[in-house]
Amino acid sequence: MKDQTYTYITGAAIFLLFLGQVMPKWAVFLATVSLCYGTIVLGMILLVRNGLVSFGHGLYYCLGAYAAGTLRPFWGNSELLVMLAAAIFLTAAVAFILGFLLRKYRDIFFAMLSLAFSMILYGLLSKNAALGSTDGFNVYVDTILGVPLTDFEDPRYVIFGITILGAWISCMLMHRYLKSDKGKLAEAIRDNELRVEYLGANVSTIIHFNYVISAVLAGIGGALMAISIGHIDPEMSYWTTSGEFVFITILAGSGSVIAPFLGAFIFETIRSFAYEYSPNTWQMLLGITMLVVIVFLPNGLWSLFAKIHKKINQ
Amino acid sequence: MSLILTTKNIFKNFEAIKAADNINVDIESNSTVGLIGSNGAGKTTFLNIITGYITPDSGEVYFEGRRITGTTPRQITHLGIYRSFQIPQIFDSMTAEQNLTISASIAIGHQANKQHLRASERSLITLVKNSMDQFQLGEYRTQLAGNLPEGVRKLLDIAMSLVMKPKLLLLDEPTSGLSADEKFNIMDMVMTAVRSKKIAVLFVEHDMEIIKKYTDRTLAFYNGQILADGTTNEVLAKKEVREHVLGNV
């Protein structure tokens, strides 16, 4: 069967780009958050394929956002591309260093250690007056590729377009990586690390590499979020934020690179509507959703789509 | 014939147990050597020391004249020593074909391995197909490894270590847990592959029928020591071996 994932991803991106012209503001917001979260969860599924669940990806989400956001107040630069580059560079550098420690741990130890690091960042940021403490601060974009943002007819739409572009590139590259020989090793490691080593591959290096990739994706998600929403605060590194990423990861399943975006969209939709219509019990609704997914679709929502897709093709 | 593997004065204790007590072994290239011994005699420990999984307390291991003591299993694999496991170590959530593909892709990915291959063999698909044909795994191609019968799992485990052309293959009880007709079938396939590729083999085995049929030389271990080393017929006829290993005086 021919792999049509690239076509689907590109089709969805173009569709969303056109839809952005006619969507109401709240829908654009919902789509933006879904794209950012989806990009982060894209990295999470890579770790899940390695058999690892990070309960601290808020660390990189937050770092990416702060790297993008602090450029203007501290260095006077808020070119969008530089903001994104700063997020990528900082998250890659931090993940590279922490990776030396984290790659030695598995299961709950990996999860808790990641959580610990994210809470350290939370503590540092919320005590830092120069960065706005717990209130955080607003993020402004001045130029895109040197063109002042004010020159655009509809700057918000341009930023929406860039969010789509960022998510699209991340998704395409991740799909390519997962299909490569090196990408496929992730699942082999989850199944049997010992054998992978005895076949001659370096498990630690592969996990370290994948960890850095997943951190960079979370950083890109964070930077795009900061740019689109225009406000950042230390809450982004709080453990409940990381918990949301884990929630979406389980909800979506790791079967395809499209799953994280779908999962993020469903998560955000349920959250928005639940919050709107039952402000006091919205967490309960999310809980019930999770329960239903775990009981009936243990491999995530994606397994449902995969089944339907298979049926249609037959 | 040249020596491929040499161990010199290997000692290894686990607390009070002597798992290796002055082990000196020479293995010639292209030979097939059996390793027998009762439970706890130190057979698997010996394989683990050769492959770098366990570091000996003292003594040295040489492979093709090069000291490899203290080298990691991964690096030892790169030198050309591959092994199979008593309990198959395969990727349960993948199909038989994917298991072989992963093995081949790791092997091809390493430069040192490439030079052993002819240009025509360098494609992943060819390597996997050859391996499937050689070990008659075709009918299990798309089945998940976790659901395969034990005999096929053992065969797949061995096939994965033979996807490339190792110089030395270590087999840890290749026929344990298999039925009588299965074991000869599997050993025939493995030995055919090994002989055609001119690979030296050291295999741990409890089944004396297998030892007699497939090895020219046998080592008998007892309490971490070499009790006997010689042609298989000689070793099996020895009084000490019959007493401590075979249990039929």
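Given the structure is predicted, the values throughout are model-derived calculations rather than measurements.

Enquirer: Explanation requested: the pairing of strand S2 (residues 17-28) of chain B in the structure shown.
Expert: Here is the key point about a regular strand: its side chains alternate between the two faces of the sheet. All names here are of chain B. In this structure, strand S1 (residues 3-14) lies alongside S2, joined through nine bridges in antiparallel fashion. Residue pairing in the sheet places phenylalanine 14 in a bridge with isoleucine 17 of S2. Linkage of S1 to S2, two consecutive antiparallel strands, is achieved through a turn of two residues, within which glutamate 15 is found at a positive phi near 55°.

Enquirer: Quick question: what am I supposed to make of the layout of surface pockets here?
Expert: Left-over empty space is what a probe sized like a water molecule reveals as it rolls over the atoms. All names here are of chain A. Roughly 570 Å³ of internal volume is contained in the second largest pocket. Mapped onto the lining of the second largest pocket, the elements with two or more residues apiece are helix H2 (25-49), helix H10 (203-229), strand S4 (231-232), helix H11 (239-252) and helix H12 (259-277). Looking at which element gives the most residues to the lining of the second largest pocket, the answer is H12, with six residues. In terms of residue class, the lining of the second largest pocket is made up of 13 nonpolar, three polar and six charged.

Enquirer: Would you mind showing me how to read helix H6 (residues 107-126) of chain A here?
Expert: An α-helical turn contains 3.6 residues, so a residue and the one three or four places further along point in the same direction. All names here are of chain A. Spanning 20 residues, H6 covers 29 Å between terminal C-alpha atoms, matching the ideal 28 Å at 1.5 Å per step. Phe110, Ala111, Ser114, Leu115, Phe117, Ser118, Leu121, Tyr122, Leu125 and Ser126 are the residues of H6 that are buried. Looking down the long axis of H6, one finds its buried residues gathered within 165° of arc, a one-sided arrangement. Away from its buried face by more than 90 degrees, H6 exposes Ile108, Phe109 and Leu124. Along its buried surface, H6 packs onto H2, helix H3 (58-69), helix H5 (80-102), H10 and H11.

Enquirer: How should I be thinking about the pattern of salt bridges in this particular structure?
Expert: If the charged atoms of two oppositely charged side chains come close together, the side chains can form a pair. Residues and elements named next belong to chain A. Enumeration over the complete set of coordinates arrives at 20 salt bridges over all chains. Between glutamate 187 and arginine 190 there is a salt bridge whose closest N-O contact spans 3.7 Å. Separated by three residues within a single helix, glutamate 187 and arginine 190 lie in helix H8 (residues 181-191), roughly one turn from each other. Taking the relative accessible area as the measure of exposure, arginine 190 reaches 35% and is therefore partly exposed. The shortest N-O distance in the salt bridge between glutamate 268 and arginine 271 comes to 2.7 Å. Here glutamate 268 and its partner arginine 271 are both found in helix H12, three residues apart, which amounts to about one turn of the helix. Relative accessible area serves as the criterion here: at 17%, arginine 271 is assigned to the buried category. Each member of the salt-bridge network shares a partner with another, and the members are Arg49, Glu187 and Arg190.

Enquirer: I keep staring at the nonpolar core and nothing clicks. Help me out?
Expert: Note on soluble globular proteins: their nonpolar side chains tend to be buried together. Of all hydrophobic cores here, the largest spans 128 residues; its most connected members are Tyr37 and Tyr60 of chain A together with Leu100, Phe135, Leu137 and Leu156 of chain B. Sort the elements by how many residues they give to this core and H10 of chain A lands first, with 14 residues. In this structure, this core is formed jointly by two domains, domain 1 (1-80 + 166-179 + 192-249) and domain 2 (89-165) of chain B, each of which donates at least three residues. Excluding anything up to four places from it in sequence, leucine 156 of chain B contacts Ile90, Ala96, Asn99, Leu100, Leu137, Ala145 and Leu148 of chain B. Counting residues in each nonpolar core, the second largest holds 28 residues, with Val33, Ala41, Phe63 and Leu170 of chain B among its members.

Enquirer: Explain empty space enclosed by the protein here, please?
Expert: Residues and elements named next belong to chain B. Evaluated as defined, the whole model comprises one cavity of 30 Å³ or more. Its boundaries defined by the atoms lining it, the largest cavity holds a volume of some 40 Å³. Around the largest cavity, the lining residues are Ile49, Ile50, Gly52, Ile54, Thr55, Pro56, Ile68, Thr69, Gly70, Thr71 and Ile76. Taken together, the residues of the lining of the largest cavity sort by class into six nonpolar, five polar and no charged.

Enquirer: Please explain the domain arrangement of chain B as it appears in this structure.
Expert: Residue and element names in this part refer to chain B. The domain architecture assigned to chain B consists of domain 1 (1-80 + 166-179 + 192-249) and domain 2 (89-165). Summarising the inter-unit geometry, the C-alpha centres of domain 1 and domain 2 are found 25 Å apart. Counting residues at the interface gives 15 residues for domain 1 and 15 residues for domain 2. Interface area for domain 1 against domain 2, summed over the two sides, is near 1,200 Å², with a carbon-plus-sulfur share of 61%. Summed over the three residues of domain 1 that lose the most area to domain 2, namely His78, Pro166 and Lys197, the buried surface amounts to 44% of that side. Summed over the shared surface of domain 1 and domain 2, the number is zero salt bridges. Our count for the domain 1 to domain 2 interface comes out at three residue pairs in polar contact (both at pLDDT 80 or more). Broken down by secondary-structure element, the contributors of at least two residues to the side of domain 1 that touches domain 2 are strand S7 (168-172) and helix H7 (180-196). With three residues, the top contributor of residues to the side of domain 1 that touches domain 2 is H7. Classifying every residue of the side of domain 1 that touches domain 2 gives eight nonpolar, four polar and three charged.

Rules used in this analysis
Residues numbered from 1 in each chain as written. Chains lettered and ligands numbered in written order. Predicted model: local features only at pLDDT ≥ 70, side-chain atom pairs only at ≥ 80, totals over all residues. Heavy atoms only, no water. Pairing = 2+ DSSP bridges. Helix = DSSP H or I, 4+ residues; strand = E, 2+ residues; numbered from the N terminus. 1 Å grid on protein atoms, 1.4 Å probe; cavity = no way out; pocket = protein on both sides within 12 Å on 5 of 7 lines; lining within 4 Å. Points joined across faces, edges and corners; volume = space filled by probe spheres on them. Nonpolar A, V, L, I, M, F, W, Y, C, P; charged D, E, K, R; others polar. Expected span 1.5 Å × (residues − 1). Buried < 20%, exposed > 50% of the residue type's maximum accessible area, 1.4 Å probe, protein only. Arc of directions from axis to C-beta. Contact = heavy atoms within 4.5 Å. Salt bridge = Lys/Arg side-chain N within 4 Å of Asp/Glu carboxyl O. Core = buried A, V, L, I, M, F, W, Y, C linked by side-chain atoms within 4.5 Å. Domains from an automatic or database assignment. Buried area = accessible area lost by both parts, 1.4 Å probe. Polar contact = N/O pair within 3.5 Å; in protein donor to acceptor, adjacent residues only side chain to side chain.

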